[in-house]
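One letter stands for each residue in the lines below.
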Amino acid sequence: MHARETVDRALSPSSQGLFDRQVAELCGVSIGAVQKWRTGARRAREDEDRRRHHSCPRCHDRALDHVTYAHLLGLYLGDGHIVRCRKEVYQLSLFCDNGWPGLIEEAWQAMARTMPTSSVSRRQRNGCTEVKSYSKHWVCLFPQHGPGMKHQREIKLTDWQQEIVETHPGMFVRGLIHSDGYRGMNYIRRDLPSGVRWYEYPRYHFKNESRDILALCGKALDLLGVAWRFNNRNELSVARREAVELLDLYVGPKY
Ligand SMILES: [Zn+2]
């Protein structure tokens, strides 16, 4: 093992014009050691270049995992945030309830698979886990990012996003409902000749202040053949038994 400063000196700019033999003599090490360090340093530089220039499916030629992206798009539109934290670097955050560890893991996976060149971290914040990742390119993948709240601006998918959602509407709805909706039990009373009976059945709700996002959810449900209706101006629900059963194949209870 050689000292770090010996390696640094051998790789320093002042050594760049020299032959390996000269550097070896100057540093008092073997030629083989210098060659090994140079190759290692070059590989590390190449890896860094590759990482930097192949990180974005929009700017570069990296393939995008469409299934995961449809899911992450749903999570982002449901309850995600993008903020610019320093020049040209954006932070994508998803806030997940600590009561649903399975969904925290899913959110983490969705980010990590969509932007594999950026690390994803978790942080505890007031009973929630913030899952976040930094990249220059989150805004390329989510051009809906803009100033203010999502419901105060138009949310419209680009053609390429539209195509992905139309191919994987189930994953998109999964993201939307798991971030900003829920599957709960409804109870109804029936007065029968034999007495009062209570029935319970599951139903889905998706609540969002953005009419555009509600419309996107409704359109994806239509593609799945899942019947839905508006409960309120800011909430839609899936309540019919066969519709709930169908949606269970794509979404299911939180866990
Ligand atoms: Zn990009």
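About the criteria used
Residues numbered from 1 in each chain as written. Predicted model: local features only at pLDDT ≥ 70, side-chain atom pairs only at ≥ 80, totals over all residues. Helix = DSSP H or I, 4+ residues; strand = E, 2+ residues; numbered from the N terminus. Rg over C-alpha atoms; globule rule 2.2 N^0.38 Å. Buried ≥ 20, exposed ≤ 12 C-beta atoms within 10 Å, placed from the backbone. Pairing = 2+ DSSP bridges. Axes fitted to C-alpha atoms, helices over the stretch in contact; angles between N-to-C directions. Domains from an automatic or database assignment. Contact = placed C-beta atoms within 7 Å.

**Observations concerning the overall build of the protein chain**
When you go through the protein chain residue by residue, the secondary structure sums to 10 helices and 8 strands. Rg of the C-alpha trace for the protein chain: 26 Å, well past the compact-globule value of 18 Å for 255 residues, more than 25% over. Seen through its C-alpha atoms, the protein chain measures out along the principal axes to roughly 100 × 35 × 30 Å. Taken over 255 residues, the protein chain has a buried fraction of 29%.

**Side note on the sheet that holds strand β3 (residues 120-125)**
Strand order in the open sheet formed by 4 strands is β1-β2-β4-β3, and the pairing between neighbours is antiparallel. Strands at the two margins of the open sheet, each flanked by one partner only, are β1 (80-86) and β3. On average, adjacent strands in this sheet sit at an angle of 30° to one another, irrespective of strand direction. Relative to strand β4 (residues 128-135), strand β2 (residues 89-97) runs antiparallel, the two sharing 8 bridges. The partner of D97 across the bridge, within β4, is C128.

**Regarding the domain arrangement of the protein chain**
We note that the domain assignment places domain 1 (4-53) and domain 2 (66-248) within the protein chain. Computed from C-alpha atoms alone, the centre-to-centre distance between domain 1 and domain 2 is 49 Å.

**Observations concerning the sheet that holds strand β5 (residues 181-192)**
Judged by pairing direction, the sheet is antiparallel, and its 4 strands sit side by side in the order β5-β6-β8-β7 without closing on themselves. The two strands at the open ends of the sheet, each matched to only one other strand, are β5 and β7 (229-232). If you compare each strand with its neighbour and ignore which way they point, the axes differ by 45° on average. Two strands pair when backbone bridges link them, and β5 and strand β6 (residues 195-207) are joined in this way by 12 bridges, in the antiparallel orientation. Note that in β6 the partner of R190 across the bridge is R197. Sheet contacts for helix α10 (residues 241-248): β6 and β8 (235-238); angle to β6, the most-contacted strand, approximately 45°.

**Describing the pairing of β8**
Where β6 and β8 come together, 4 bridges link them in antiparallel fashion. Looking at β8, one finds that F206 is bridged to L236. Here β7 pairs with β8 via 3 bridges, running antiparallel. Bridge pairing in β8 links N232 to E235. Remark: 2 residues form the turn of the hairpin made by β7 and β8, two consecutive strands paired antiparallel.

**Quick notes on unusual backbone geometry**
Phi at E88 takes a positive value of approximately 65°, unusual for a residue other than glycine. Mapped onto the secondary structure, E88 falls in the loop between β1 and β2. E88 sits in the exposed class, given 10 other C-beta atoms within 10 Å. One non-glycine residue, N126, lies in positive phi territory at about 40°. Overall, N126 belongs to the exposed group, with 7 C-beta atoms counted inside 10 Å.

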